[in-house]
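# Reading the structure
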Amino acid sequence: MARPRMCGRWCWTSAAAASPTSPAILLGVIVENDPALVDAVMVALGAEDALRPTLSVEKDIARPLDRTTDLLAGAAKDPREAAMLRKLSDGDDDAEPKEADLLDLLTAFPSARPPVADLVASLPALKPRLYSIASSPLAVPGQVELCVGVVRAERRGRVRDGVASCHLGFRAAPGLPLKAYVQTSHFRLPVDPGTPIIMVGPGTGIAPFRAFLQHRVATGARGRSWLFFGDQRGATDFLYGEELTGWQKDGALTRLSLAWSRDGARKVYVQDRMREAAGDLWRWLQDGAQFYVCGDASRMAKDVDAALRGIAMQQGGMNADQARDWIVALARQHRYQRDVY
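In this numbering scheme, every chain counts its residues from 1 along its sequence in written order. Since the coordinates come from a predicted model, pLDDT governs what is reported: local features require at least 70, and pairs of side-chain atoms require 80 or more to be given and counted, while whole-chain, interface and lining totals use all residues. Hydrogens and water are ignored here; the side-chain numbers use all heavy atoms of the structure.

### Brief notes about the sheet that holds strand S7 (residues 180-184)
What holds strands together in a sheet is hydrogen bonding between their backbones, with the strands either parallel or antiparallel. We call two strands paired when DSSP finds no fewer than two bridges between them. Secondary structure elements follow DSSP: runs of H or I of four or more residues count as helices, runs of E of two or more count as strands, with numbering from the N terminus. The strand order across the open sheet built from three strands is S3-S2-S7, with neighbouring strands paired in antiparallel fashion. Of all strands in the sheet, those with a lone pairing partner are strand S3 (129-132) and S7, marking the two edges. Sheet twist, expressed as the average angle between the axes of neighbouring strands with direction ignored, equals 30°. Relative to S7, strand S2 (residues 25-29) runs antiparallel, the two sharing five bridges. Along S7, the bridge assignment pairs Leu27 with Val182. Between two residues, a contact is recorded if the distance between any of their heavy atoms is within 4.5 Å. Between the N-to-C directions of two axes lies an angle of 0 to 180 degrees, each axis being a line fitted to C-alpha atoms and, for a helix, fitted only over the stretch in contact. Running at roughly 65° to S3, helix H8 (residues 163-171) makes contact with S2 and S3 of the sheet.

### Topic: helix H11 (residues 241-250)
For every residue, the accessible area (1.4 Å probe, protein chains only) is compared with the maximum for its type, and the residue is labelled buried under 20%, exposed over 50%, or partly exposed between those bounds. Of the positions making up H11, those classed as buried are Gly241, Leu244 and Trp247. Around the axis of H11, the buried residues are gathered within 135° of arc, so they sit on the same side. Those residues of H11 that are exposed and angled more than 90 degrees off the buried face are Glu242, Lys249 and Asp250. Residues of H11 that are buried in the fold lie against helix H9 (207-219), strand S9 (225-231) and strand S10 (255-260). Positioned one or two residues after H11, Gly251 has a phi angle of 90°, which is positive. For this quantity, the arc is that covered by the directions from the helix axis to the C-beta atoms.

This is the structure we're talking about:
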């Protein structure tokens, strides 16, 4: 399916969001479950309308816990359903349905109907979702801007919406209040504005780095900056492209290295661009640059870390153990920071 992204802007009145000294902050968004999913769950349970607020804003019905499948297994009148629910709780490879939400479980196991109050109590709380703010308060006073990838996939004939991203993308309308709070991030610019920075943020991982660059432009910081950005296709996925190329032209962004994984015969990722520029990247680090990574933890961040270790071995003449220790030392000095999810 399509991978839509949105760059949204919200008015904000918090003093924390307006602080010019803290561009690296997070926005905790208080979200609600999809009303259509809530309706379907209530029908499956035969629940009264009084349960709607709890299922809408208090409980995470997209991610049931093992205690939920345990409870359903104990209530199942069909032995085969009880056995499969126990397999789900145990994480067996042949357990079905995989990646089930509450509606999946209620649909797949109709004989499993514990008391509604017990079932609701077994569900996890619906937690706020944290997003890196993609703007500096010096550039857009009184507002925060987010860059959000809409999560939407089809499983078992039903479209599954990411709770927070689809709430922001399709249900949070202009003029309606959006409950949120500001949280300070460890991910922040160097104290010395002359310190070089290297930023690796493919996809929506660009968000905090746009805030960094906006802040540096607003404060006139003279430190060198280098951004590694990538996604699938340059024509459709170059987030903030005009802004970034404009900053590069003006000198606010010293270097911009782009990687498009679907534009050529060979897939190119940000870690490939790092390796191609290994000599220059190593010199920046030797000059005291701080290195930042933001984005996917499962693949990208690991690949970037491996590329950085490889550069230390190639350019710094280190063996594998020395390269690992060097990266650990960078992190302890707060010169290697990661915001991954």
